[in-house]
Amino acid sequence: MILRIILLLALSAGYLAKAQTTQEKIDKVGYADIEYVISQLPDMKAIEADLKSTQTHLRNQIQAKSQQVQKQYTDFNANSSTMSDTVRMRIQGDIEKEMQNLEQMQQEATRTLQNKQKLHMAPLYLKVNRAISEVAQENGYTIILTQRVSTYDFLLYNSSDRDISGLVLQKFGVTSATDKAKQK
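Residues numbered from 1 in each chain as written. Predicted model: local features only at pLDDT ≥ 70, side-chain atom pairs only at ≥ 80, totals over all residues. Heavy atoms only, no water.

**Re the pattern of salt bridges**
Here comes step 1: In total, this model carries 8 salt bridges according to the counting rule given.
Here comes step 2: Residue Asp50 is joined to Lys116 by a salt bridge in which the shortest nitrogen-to-oxygen separation is 3.5 Å. Separated by 66 residues along the polypeptide, Asp50 in helix α3 (residues 42-79) and Lys116 in helix α4 (residues 85-138) bring together distant segments of the chain.
Here comes step 3: Lys116 sits in the partly exposed class, given a relative accessible area of 24%.
Here comes step 4: Lys171 serves as the salt-bridge partner of Glu134, at 3.5 Å between the closest nitrogen and oxygen. Placement of Glu134 in helix α4 and of Lys171 in helix α5 (residues 165-171) is noted, with a sequence separation of 37 residues between them. (Salt bridge = Lys/Arg side-chain N within 4 Å of Asp/Glu carboxyl O. Helix = DSSP H or I, 4+ residues; strand = E, 2+ residues; numbered from the N terminus. Buried < 20%, exposed > 50% of the residue type's maximum accessible area, 1.4 Å probe, protein only.)

So, in structure tokens, the structure goes:
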């Protein structure tokens, strides 16, 4: 009889231990809208201002070069009938070369702007990623998903009580407007 009770207790203890282990393995899942978090950070305003300044500077350089090429072309058209063939060919070649330089300048400006944006954003993404990890650990989350990948919604269904974006913003000392009023 005592042997049966001990056996029953041992089996029950094993079952309860298995039930507890199973309970511990349930993952707590949350999500964050990284783009939203980044857009709310004070660093982003400085980055946007710097990028806008760079864009304006590059645009002004391109416009000045474009006006110069346009003037050369206008002058050429106005005076081409009085030019000798050799001079006309040389000036026409110079204008074509300047137009190619202008096109190259536009491509370089685009690359410069993209590179500057990547340079600014990489540390910001690292900071946000670190904050997400801290929030997840502090709140017992085992999995954090992103709400959006590029322009596509990643989550097919989400519950606002699983959204940790507000908690991440709190890590940066930023309070979100109504804990993230989202436009959908």
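**Section: the nonpolar core**
Here comes step 1: Counting residues in each nonpolar core, the largest one holds 20 residues, and the members touching the most others are Leu124, Ile164 and Val168.
Here comes step 2: Not counting residues within four places of it along the chain, the set of residues in contact with Leu124 comprises Ile38, Leu41, Asp43, Met44 and Ile47. (Core = buried A, V, L, I, M, F, W, Y, C linked by side-chain atoms within 4.5 Å. Contact = heavy atoms within 4.5 Å.)

**So, α3**
Here comes step 1: Across its 38 residues, α3 extends 56 Å between first and last C-alpha, which sits within 8% of the 56 Å expected from 1.5 Å per residue.
Here comes step 2: For α3, the set of buried residues is Met44, Ile47, Leu51, Thr54, Leu58, Ile62, Lys65, Val69 and Phe76.
Here comes step 3: Those residues of α3 that are buried lie in contact with α2 (34-40) and α4. (Expected span 1.5 Å × (residues − 1).)

**What to know about the packing of aromatic side chains**
Here comes step 1: Considering all chains together, one arrives at 0 aromatic pairs under this definition.
Here comes step 2: Directly above the ring of Tyr141 sits Lys28, whose terminal nitrogen or CZ lies 4.5 Å from the centroid. (Phe/Tyr/Trp six-rings, centres within 6.5 Å; stacked < 30°, edge-to-face > 60°. Lys NZ or Arg CZ within 6 Å of the ring centre and 35° of its normal.)

**Considerations on the confidence of the model for the protein**
For residues with low pLDDT, the predicted coordinates do not support detailed interpretation.
Here comes step 1: For the protein, per-residue confidence averages 83 on the pLDDT scale, and residues scoring 70 or more make up 80% of the total.
Here comes step 2: Ignoring residues within four places in sequence, the model shows residues 7-13, a span with pLDDT below 50, making 0 contacts including any to other chains.
Here comes step 3: Confidence drops under a pLDDT of 50 for residues 180-184, and excluding neighbours within four residues, the segment shows 10 contacts in the predicted structure. (pLDDT = per-residue confidence, 0-100.)

**Brief notes about the environment of Gln63**
Here comes step 1: Mapped onto the elements, Gln63 comes out in helix α3.
Here comes step 2: Separated by 39 residues in sequence, Gln63 and Leu102 place their C-alpha atoms 9.4 Å apart.

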